Amino acid sequence: MTLSLPIDPEANRLLERSPLALLTGMVLDQQIPLEKAFTSPYVLAQRLGHEPDARELAGYDPEGLVEIFARPPALHRFPKAMAARVQQVCQVLVDRYDGDAARLWSDAADGRELLRRIGELPGFGKQKAQIFVALLGKRYDVRPDGWREAAGGYGEPDAYRSVADITDPESLRRVREYKQQMKAAAKGAKT
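Fair warning: this is a prediction, and the values are worked out from it, not measured in the lab.

1. With respect to the packing of helix α5 (residues 62-70) against helix α6 (residues 79-97)
- Relative to each other, α5 and α6 sit at 125 degrees, their axes nearing to 8 Å. One element, α5, and the other, α6, form an angle in the oblique class. Crossing geometry of α5 relative to α6 is assigned as right-handed. Touching Pro 62, Leu 65, Val 66, Phe 69 and Ala 70 of α5 are Pro 79, Lys 80, Met 82, Ala 83, Val 86 and Gln 87, all from α6.
- Tallied by class, residues from the contact of α5 with α6 come to nine nonpolar, one polar and one charged.

See below:
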């Protein structure tokens, strides 16, 4: 089963076939709606006129990439920072995985190594890395031994805690409810 978000069907298909698009969506998934984050790789490809690869994005003129990210509608609410972040992640892919985003996960020995690899990417803290491990395991059958444990609570079946659990409008609603509960709890803890 793959990811099925309430976004343009072509954007969903790109996420299915392109490991780099999937990873880019996850990079962008912060401080904007997840639909926007995971649609932006498709919009980026449209603006470039083709599906980019990691080498192209890593070597892209930084100011030119910011312009592409910032063009209305911007790919992210922080286009300059996120263009740089995507470029940094692509550089790691080039340096460590021969530019192949799928190699980030395809040859990980176990869940702990997968979590470590993802967590070493620019912008990926523990929680974001765990969510991506869960997304890979639940929707893309990337399941090295120990992947659920590495994903923490996000790896639990039917957890409805993150993008990894979204398969239809109902699951999206449940994930949004969970996130609202977590925000309310965090806000309550601060007072």
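Structure's up, so let's keep going.
2. Describing α5
- Those residues of α5 that sit buried are Gly 64, Leu 65, Ile 68 and Phe 69. Down the axis of α5, the buried set is contained in an arc of 140 degrees. They therefore lie on one face.
- Packed against the buried residues of α5 are α2 (19-28), α3 (34-48), α4 (54-59) and α6.

3. A few points about the layout of surface pockets
- If you add up the space inside the largest pocket, you get close to 650 Å³.
- The wall of the largest pocket is formed by 20 residues, among which Asp 29, Gln 127, Ile 131, Lys 179 and Lys 183 lie closest to the centre.
- Elements that contribute at least two residues to the lining of the largest pocket include exactly α9 (126-140) and α11 (169-190).
- Examining the composition of the lining of the largest pocket, we find that six residues originate from one element, α11, more than from any other.
- Looking at the lining of the largest pocket, its residues break down into nine nonpolar, five polar and six charged.

4. Points about the packing of aromatic side chains
- Taken as a whole, this structure holds two aromatic pairs when the rule is applied.
- Where Trp 105 meets Phe 132, the ring centres are 5.8 Å apart and the plane angle is 70 degrees; that geometry is what we call edge-to-face. Placement of Trp 105 in helix α7 (residues 103-106) and of Phe 132 in helix α9 is noted, with a sequence separation of 27 residues between them.
- Relative to Phe 132, the ring of Phe 124 lies with its centre 6.3 Å away and its plane at 65 degrees, an arrangement referred to as edge-to-face. Like Phe 132, Phe 124 is buried.
- Its guanidinium or amino end placed over the ring of Phe 124, Lys 128 lies 5.4 Å from that ring's centre, counting from NZ or CZ.
- Here Arg 174 stacks its cationic end above the ring of Tyr 160, 3.9 Å away from the centre of that ring.

5. So, the packing of helix α8 (residues 111-119) against α9
- At their nearest, the axes of α8 and α9 sit 9 Å apart, and the two run at 125 degrees to each other. Classified by the interaxial angle, the pair formed by α8 and α9 is oblique. Crossing angle aside, the handedness with which α8 passes α9 is right-handed. Contacts between α8 and α9 pair Leu 114, Leu 115, Ile 118 and Gly 119 from the former with Lys 126, Ala 129, Gln 130, Phe 132, Val 133 and Leu 136 from the latter.
- Tallied by class, the residues present in the contact of α8 with α9 amount to seven nonpolar, two polar and one charged.

The rules behind these values
- Residues numbered from 1 in each chain as written.
- Predicted model: local features only at pLDDT ≥ 70, side-chain atom pairs only at ≥ 80, totals over all residues.
- Heavy atoms only, no water.
- Axes fitted to C-alpha atoms, helices over the stretch in contact; angles between N-to-C directions.
- Helix = DSSP H or I, 4+ residues; strand = E, 2+ residues; numbered from the N terminus.
- Parallel < 35°, antiparallel > 145°, perpendicular 65-115°, else oblique.
- Left-handed = near helix turned anticlockwise from the far one by under 90°.
- Contact = heavy atoms within 4.5 Å.
- Nonpolar A, V, L, I, M, F, W, Y, C, P; charged D, E, K, R; others polar.
- Buried < 20%, exposed > 50% of the residue type's maximum accessible area, 1.4 Å probe, protein only.
- Arc of directions from axis to C-beta.
- 1 Å grid on protein atoms, 1.4 Å probe; cavity = no way out; pocket = protein on both sides within 12 Å on 5 of 7 lines; lining within 4 Å.
- Points joined across faces, edges and corners; volume = space filled by probe spheres on them.
- Phe/Tyr/Trp six-rings, centres within 6.5 Å; stacked < 30°, edge-to-face > 60°.
- Lys NZ or Arg CZ within 6 Å of the ring centre and 35° of its normal.

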